[in-house]
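As a plain string of letters, each chain reads:
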Amino acid sequence: MKYQRILLKLSGEALMGNQPYGIDPERIQQYAQEIKRVKDTGVEVAIVIGGGNIFRGVQAQNSGMDRVQGDYMGMLATVINGMALQSALEQTGVYTRLMSGIKMEQVCEPFIRRRAIRHLEKGRIVIFGAGIGNPYFTTDSTASLRAIEIEADVVLKGTRVDGVYTADPEKDPTAKRFSTITFSEVYQKKLNVMDMTAFTLCQENNLPIIVFDMNKPGNLFNLISGQEVGTLIN
Ligand code: UDP
């Protein structure tokens, strides 16, 4: 396999499937199967899950709520998604641990770096919930930070789009996909890969990012086996 330890970032919105809100059970089961398939090859898998399908801090601010309060609500939303993903994964027969950036001991472990690494070494899938535990950050930043902390080989950003394009492919039919691109090109061309905090963290720590379509069956597995899937940023 091309990678030994991966950090997979899944957005909350991806879990909605075709629903307007919440979690689509079929979608989450499909993701669990894809992840198990990769896990079974011996690759160590850590996952950061978003919360946008349930709550986003910025939306709260737009409707007059305190931003920080909204961000904490968003972080709690990621724990709900993490619990759902944990269940779906365990139904496939893999061992998992959910670790939270905000302490909630009745529900999951607190994030402790050495412990997270130990879980991975023991073959458990580790899901990081509650972001980094601070407002004004995103789960993309969480993915970058946790990936660096656990010394992952790569951040895999699973999206609905199969890579980074010259323009938004959902709006511009002439948009072309990059197979690889450098961090500085992404920056110069103002391409939207991740928020700047998340992006800079990866750049400064030489951590490659792959943007790929998580909804295409087999994509995650093909990527790990070394096939060219999505866009590699390094
Ligand atoms: N959030 C936060 N700090 C973090 C991670 C997340 O405050 O470290 C909040 C923020 O309000 C964000 C929400 O949680 O909007 C949900 O996360 P995100 O928007 O990144 O989820 P995704 O877009 O991946 O579904």
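Heads up: these notes are all about the structure in this document. Only a predicted model underlies this, so the values are computations on that prediction, with no experimental measurement involved.

### Thoughts on unusual backbone geometry
Peptide bonds are trans in most cases, and residues, glycine excluded, mostly fall at negative phi. One non-glycine residue, Ala-130, lies in the positive phi region at around 65°. Note that Ala-130 resides in the loop between β5 (125-129) and α5 (139-149). Exposure remark for Ala-130: the relative accessible area of 0% places this residue in the buried category. One non-glycine residue, Glu-151, lies in the positive phi region at around 60°.

### Description of the side chain of Asp-71
Here Asp-71 lies in helix α3 (residues 67-91). Apart from the residues within four sequence positions on either side, Asp-71 is in contact with Gly-57, Pro-135 and Tyr-136.

### Quick word on the nonpolar core
The nonpolar side chains of a soluble globular protein tend to be buried, and buried together. In terms of nonpolar packing, the biggest core is built from 38 residues, with Ile-35, Ile-47 and Leu-156 touching the most fellow members. Secondary-structure elements contributing two or more residues to this core are β1 (5-10), α1 (25-39), β2 (44-49), α3, β5, β6 (154-159), β8 (209-213) and α8 (219-224). With near-sequence residues (within four places) excluded, Leu-156 lies in contact with Ile-6, Leu-7, Leu-8, Lys-9, Ile-210, Phe-212, Leu-220, Leu-223 and Ile-224. Of all hydrophobic cores here, the second largest spans 30 residues; its members include Phe-111, Phe-178, Val-186 and Ala-198.

### Some remarks on helix α4 (residues 113-121)
If you check which residues of α4 are buried, you get Ala-116, Ile-117, His-119 and Leu-120. All buried residues of α4 fall inside an arc of 155° around its axis, so they share one side. The first or second residue beyond α4 is Gly-123, which carries a positive phi of 90°.

What counts, and at which threshold
- Residues numbered from 1 in each chain as written.
- Predicted model: local features only at pLDDT ≥ 70, side-chain atom pairs only at ≥ 80, totals over all residues.
- Heavy atoms only, no water.
- Helix = DSSP H or I, 4+ residues; strand = E, 2+ residues; numbered from the N terminus.
- Buried < 20%, exposed > 50% of the residue type's maximum accessible area, 1.4 Å probe, protein only.
- Contact = heavy atoms within 4.5 Å.
- Core = buried A, V, L, I, M, F, W, Y, C linked by side-chain atoms within 4.5 Å.
- Arc of directions from axis to C-beta.

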